[in-house]
Each structure stands twice: as C-alpha cells, then as structure tokens.
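# Report on the structure
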Amino acid sequence: MKYSLVAKVVSVLLVLTLNVSCSKDGQGGETGPAGPQGEQGIQGETGPAGQDGEDGQNGAQGAQGEPGEDGQDGEQGEAGTANVIYSEWFNTELGDDIGAQAISFLVDFPEGNTKLMDTGAIFVFGRRIFLEGITGDLVYLFYQLPVMFNGSNNQYSFLVHNGDEIQIFVQSMDGGPVGDGTFIQQYRYVVIPGGTPSSAKSMEGPDLGQMDYEELCRYLNIPQ
C-alpha cells in the first residue's frame, strides 16, 4: 500500500516535470498537414474613385498659356525689302517708226553678277500710262516681260548679260518690220537674290513668276 502511494506520487511528479520542460523550451509537436482551402468569397462592389491629393498629382490639365513677352511663336511677318533690288521706272529708247524686224536698247544693271544670274530671280516689267477718256484720271497698265501683243504681232522681251547690263528688245513675230515700238512706254527691273525666301518657287512660298506686277509688289512690299 505504501509502495503504491509512492509510485503514484512519482508518476505525478514525472508528468509535471515533462509539462514544465515542454513549456520552457517552447517546442511543440510536429505540424499537422494543411487543411483544404476554403471556397472564394463573393467580390465586393468597386468603391468611388478618390479625389486628387493636395500635392496636385494627376490634376486636371490647365489651359495653354499665352506666348511669352519675348515674341516666340508670333505670327510670321510679311516679306521685307532688305534683299530685294529694284530700279526706278525708266523710259523706253525704242522708236515709233522701226523698219527692222527687231531692235533693242541697253540698261545699266550695276547689281548684276554671275551668282545673281545663277541663283536669283530677275523680272522686267513694262507699263503704259494714258488718260481715261471720261474721268481724265491716269490709268496704268502693267506687263511682265516677255509679252506679245496680237494686234501688232510684236513681242517685248529682255536678256541679262553677264555683267552690268540688261537688254530690252522688241521683235516682230510675223517677219515684217516692228513699226511702233513705244506701246510699252516705261520699264523697271526687280531682282530677288538667291537665298531670299520665295526667291523664285519654293516648297514654302508662292511662285513669284506667276504673279502679276501689282501682286508681286504687294508680296515683296516694294513701291509700285
């Protein structure tokens, strides 16, 4: 009886010792197998979008500002006269009773040179001046050379010599004499050096050769 009591006490102490020992070292038993994954729950409704933060990120795009005071992106100005060369109007030296089939006269052209002839655009214009019968006002008619008048069969043209002269001439196109060569009373030349925008015909400018005299003067801003 005494032995049984002692045995029970020893058993209890042994169990307590094992429990205390396990709690102190923190080591548990082996991990059991993972359980089956549960079913996925129903997705909730999307909430409203939040407002932009105070730091300005993702804010609405502002309106485009006005051009700066330095004039950038300003409108393109009209063509100027800095590089354009033009003469005053000068009188014809052709007579009114020409018995030859062709005749000409020379005009000083001090601006002429080989580079100008190779790369520039040279125009010669003529004009007639007369009084309008009813009002008595002066009327100006302009022509770009070469030009032919069917009534007289005379053609007015010009040549530019390699140097300092322009030759203006009239020629009868029917083989007869010129007769009156004063139908065009005055002439002037207009020269646009090479490198000037729209000096002849370019991708960015109009074809100046297709302009009449008044259009050309307006475009180049030169006095008529």
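Values in this document were obtained by computation on a predicted structure and should not be read as measured data.

## Looking at the overall build of the protein chain
What the protein chain contains, in helices and strands, is three helices and nine strands. Overall, the protein chain shows an N-to-C arrangement of helices and strands of α-β-β-β-α-β-β-β-β-β-β-α. Within the protein chain, contacts between residues separated by at least 24 positions form 65% of all contacts whose residues are at least 6 apart in sequence. Of the roughly 16600 Å² of accessible surface on the protein chain, a fraction of 50% belongs to carbon and sulfur atoms.

## Quick notes on helix α3 (residues 213-220)
For α3, the full list of buried residues reads Y213, L216, C217 and L220. Considered in projection along α3, the buried side chains sweep an arc of 100 degrees and stay on one side of the axis. Buried residues along α3 sit in contact with β4 (121-131), β5 (138-144) and β9 (186-192). The N-cap of α3, judged by a side-chain oxygen 3.2 Å from the amide nitrogen of E214 a few residues on, is D212. At the exit of α3 stands N221, carrying a positive phi of roughly 55 degrees.

## Examining the packing of aromatic side chains
Counted according to the given criterion, the structure contains 13 aromatic pairs. Relative to F142, the ring of W89 lies with its centre 6.0 Å away and its plane at 35 degrees, an arrangement referred to as tilted. Placement of the pair is W89 in the loop between β1 (85-86) and β2 (90-91) and F142 in strand β5, with a sequence separation of 53 residues. Of the residues examined, W89 reaches a relative accessible area of 16% and is grouped as buried. Exposure remark for F142: the relative accessible area of 22% places this residue in the partly exposed category.

## A closer look at the nonpolar core
One finds V124, L145, Y156, I168, I184 and Y187 to be the most contacted residues of the largest nonpolar core, which totals 23 residues. Taken together, the elements giving at least two residues each to this core come down to β3 (102-108), β4, β6 (147-149), β7 (154-160), β8 (165-172) and β9. Ignoring anything within four residues of it in the chain, the contact list for L145 reads V124, F125, G126, Y156, S157, F158, I168, I184 and Y187. Counting 14 residues, the second largest nonpolar core, distinct from the first, contains W89, A121, I192 and L208.

## Remarks on the environment of M148
Along the polypeptide, M148 turns up in strand β6. Separated by 25 residues in sequence, M148 and M173 place their C-alpha atoms 8.8 Å apart. Setting aside its immediate chain neighbours within four residues, M148 contacts N153, N154, Q155 and M173.

## So, a nonpolar patch on the surface
A cluster of nonpolar side chains, namely L131, L138 and Y140, defines an oily patch on the protein surface of about 320 Å² accessible area. Along the chain, the position of Y140 falls in strand β5. By relative accessible area, Y140 is classed as partly exposed at 38%.

## A few points about the sheet that holds β7
Strand order in the open sheet made by the four strands is β3-β8-β7-β6, with antiparallel pairing throughout. Of all strands in the sheet, those with a lone pairing partner are β3 and β6, marking the two edges. Each strand axis lies, on average, 20 degrees off the axis of its neighbour in the sheet, ignoring direction. Direction of pairing for β3 relative to β8: antiparallel, over a ladder of seven bridges.

## Some details on the confidence of the model for the protein chain
Summing up the model confidence of the protein chain, the mean pLDDT is 74 and the portion of residues at 70 or higher is 58%. Across the protein chain, element-level confidence peaks in β2 with a mean pLDDT of 97 and bottoms out in helix α1 (residues 2-25) with 47. Throughout residues 56-62 the model reports pLDDT below 50, and contacts reaching past four residues in sequence, or to other chains, amount to four contacts. Scored below 50 in pLDDT, residues 67-80 shows five contacts in the model against residues more than four places distant or in partner chains.

## As for the pairing of β7
Where β6 meets β7, three bridges bridge the pair, whose relative direction is antiparallel. Looking at the pairing, V147 lines up with Y156 of β7. Adjacent in sequence and paired antiparallel, β6 and β7 are bridged by four residues, among which N153 carries a positive phi angle near 60 degrees. Taking the residues between adjacent antiparallel strands as the criterion, β7 and β8 are bridged by four residues, where G163 takes a positive phi near 160 degrees.

What counts and how
Residues numbered from 1 in each chain as written. Predicted model: local features only at pLDDT ≥ 70, side-chain atom pairs only at ≥ 80, totals over all residues. Heavy atoms only, no water. Helix = DSSP H or I, 4+ residues; strand = E, 2+ residues; numbered from the N terminus. Contact = heavy atoms within 4.5 Å. Areas by Shrake-Rupley, 256 points an atom, 1.4 Å probe, with all protein chains shown as cover. Buried < 20%, exposed > 50% of the residue type's maximum accessible area, 1.4 Å probe, protein only. Arc of directions from axis to C-beta. Polar contact = N/O pair within 3.5 Å; in protein donor to acceptor, adjacent residues only side chain to side chain. Phe/Tyr/Trp six-rings, centres within 6.5 Å; stacked < 30°, edge-to-face > 60°. Core = buried A, V, L, I, M, F, W, Y, C linked by side-chain atoms within 4.5 Å. Patch = residues over 30% accessible without salt bridge, like charges linked within 9 Å, V, L, I, M, F, W, Y side chains within 5 Å. Salt bridge = Lys/Arg side-chain N within 4 Å of Asp/Glu carboxyl O. Pairing = 2+ DSSP bridges. Axes fitted to C-alpha atoms, helices over the stretch in contact; angles between N-to-C directions. pLDDT = per-residue confidence, 0-100.

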